[in-house]
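As a plain string of letters, each chain reads:
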Amino acid sequence: MMTQMPWAPTADAMLRQWQEVLTKTMALPKVAQAIQRTRVGATPARPIYREDSLRLLNYETGAEKRFKTPTLFVFALVNRPYILDLRDGKSVVAHFVERGFDVYNIDWGVPADGDRHLSIEDYTLRYIDHAVDELRKRCGCDKVNILGYCMGGTLSSIYAALRPEKVRNLIMLAAPVDWSSRDSLLSVWTDARYFDIDRLIDVYGNAPAEWLQWSFQFLKPVQNLLEKPINFYQNMDNEKYLEDFFAMETWLNDNIPVAGETFRQFVKYMFQQNRLIQGRLEVGGERVDLRNIKCPIINLIAEGDHLVPPAQSEPFNDAVGSSDRKTIKFPVGHIGMAVSSRAHRDLWPKACDWLEERSEPLGK
Amino acid sequence: MSGEQFGIPGADQFTRFWGDFVGRLSANGVAPPSNDAAEAWRKAFFAAMTDHLDSFMRSEQFLAAMKQSMEGALAWQQTMNQALQKGLSAAQMPSRADTDHMVRLIRGMEDRLVDRLEELCGRVEALEKGAGAKAPRSAKR
């Protein structure tokens, strides 16, 4: 009997292989349909404020609003912010909206060549501050809640330190504040001995989107260039997988350039000189002292983060002046904090509970 | 389902060869891989490769190569920029340097205007306070 012979490709096995190839081939139209069907952004939103290329989006659903203080999401400048509202069931925004929070998100827009001079000062003391002022005016309150993700968290912490009187609660999501550890490949690559940031920005103007994208891809080359295509082949007849895959790929390939001066300052002052945590950063002539942050903070850290290793986020709680501070470490990666099923099941309900306990109900 | 039902030419010879080959492997104590084992092998291979690549991308050798290639790319881009700037200037068209200059001028003007407005707002607030008027609360910017 051939089937009892070890290592032998039996007719059954050959047939199975053939059937698999056929199944995958037959799934190709399904793949094409999934690409066409791909939509990102789960919650209806409309812009309520514009400034230059910035749009401040307000999420509007039928959910009853229960809290007075608006919650502002501040995303990084390197990708689009819809990762926080990617799809049904994978939307951080939806968690907060369903709990009754009035949620807003800053869409930074795409910097044009002329935006190369925009600095960290422009993004914090101008754009974020104006968005916050707009919300204070609109909602009739003195303070807003801020959720900052990744680089957006760093900008949020700078803003909260400079304008503490306008921030009621601060949620830091996989946000770096201390670059003393060299765990991250990005920290190694941006070492001043090997990386001339001044020359890059002088020549290119803005940090080019394609260059940023390739840099991120090469942080995990095996996973991104080998394992991903294999996993795709194995799952290309699974509709649910295809929908998630293309939504994610849409976002991953939607990199935008970063305004040159901001990128220069971020690389130089944060990655190379680590000024923020040391209290040596100056923005708009004001020294950024994280101890000025006295509002409640929660620091959400991704344990498996290859972009922002926990060591870059952990020191935040000890650097601020808040007495109400909490850290949640969660066993996912950087993007997993926003899109993994596990985070949506176990992390975001807890984060909403935390904010709910510190929010003023409407009508009080 | 048996091989004979397919009647693939040469299948029997190949099967015999393969059987002989794997028989010899088994006799030498090499176990046949299951699907799970193949998956485990693949994972182990990729994990090892990931670790080695990560170490390599932190090495002096890689960083020096990265620096060199970046310098080359920047030098090329700079040459292109200069050539384009000269060409556009010859055609009396604005280049990026010209628009940059314009943006700088506008930003400078905007900064001076905002500073002046803030100064005026401060003076108005001071006057209102002095007059004891109940002024509407203005957001601090």
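Coordinates for the structure precede this section.
These lines cover the structure that appears in this document, whether it is placed above or below. None of the values given here were measured: they were computed from a predicted structure. (Residues numbered from 1 in each chain as written. Chains lettered and ligands numbered in written order. Predicted model: local features only at pLDDT ≥ 70, side-chain atom pairs only at ≥ 80, totals over all residues. Heavy atoms only, no water.)

Let us look at the pairing of strand β4 (residues 103-107) of chain A. Residues and elements named next belong to chain A. Of all 5 residues that make up β4, 5 are buried, and the element is covered over most of its length. Both faces of β4 are covered, namely the face carrying Val103, Asn105 and Asp107 and the face carrying Tyr104 and Ile106. Where strand β2 (residues 54-59) and β4 come together, 4 bridges link them in antiparallel fashion. Residue Asn58 lies in a different strand from β4, and its bridge partner there is Tyr104. Pairing analysis gives 4 bridges linking strand β3 (residues 71-74) to β4, with the strands arranged parallel. Residue Val74 lies in a different strand from β4, and its bridge partner there is Ile106. A crossover connection joins β3 to the parallel β4 through helix α3 (residues 92-98); in handedness this β-α-β unit is right-handed. (Buried < 20%, exposed > 50% of the residue type's maximum accessible area, 1.4 Å probe, protein only. Helix = DSSP H or I, 4+ residues; strand = E, 2+ residues; numbered from the N terminus. Pairing = 2+ DSSP bridges. Right-handed = clockwise from strand over helix to strand, strands pointing away.)

A few words on empty space enclosed by the protein. Residue and element names in this part refer to chain A. For the structure shown, the criterion picks out 2 cavities of 30 Å³ or more. Each pocket or cavity is described by its volume, and for the largest cavity that value is around 60 Å³. In this structure, the largest cavity is lined by Asp52, Ser53, Leu54, Trp108, Pro111, Asp115, Leu118, Tyr123 and Tyr127. Class assignment for the residues of the lining of the largest cavity results in 6 nonpolar, 1 polar and 2 charged. The calculated volume of the second largest cavity comes to roughly 30 Å³. Of the residues contributing to the lining of the second largest cavity, the split by class is 6 nonpolar, 1 polar and no charged. (1 Å grid on protein atoms, 1.4 Å probe; cavity = no way out; pocket = protein on both sides within 12 Å on 5 of 7 lines; lining within 4 Å. Points joined across faces, edges and corners; volume = space filled by probe spheres on them. Nonpolar A, V, L, I, M, F, W, Y, C, P; charged D, E, K, R; others polar.)

How two aromatic rings sit relative to each other is set out by the distance from centre to centre and by the angle between their planes. The full count for this structure, using the stated rule, is 21 aromatic pairs over all chains. Look at Trp108(A) and Tyr123(A): their rings are 5.1 Å apart centre to centre, the planes differ by 80°, and that puts the pair in the edge-to-face class. Of this pair, Trp108(A) sits in the loop between β4 and α4 (120-139) while Tyr123(A) sits in helix α4; the two residues are 15 residues apart in sequence, bridging distant segments of the chain. Summarising the burial analysis for this pair, Trp108(A) and Tyr123(A) share the class buried. Taking the centre distance of 5.4 Å and the plane angle of 65° together, the rings of Phe56(B) and Phe62(B) count as edge-to-face. For Phe56(B), a relative accessible area of 38% corresponds to the partly exposed category. Following the ring pairs from residue to residue traces out a cluster consisting of Phe67(A), Phe73(A), Phe96(A), Phe101(A) and Trp348(A). When the ring centre of Tyr233(A) is taken as origin, the NZ or CZ atom of Lys24(A), which lies over that ring, is 5.6 Å away. (Phe/Tyr/Trp six-rings, centres within 6.5 Å; stacked < 30°, edge-to-face > 60°. Lys NZ or Arg CZ within 6 Å of the ring centre and 35° of its normal.)

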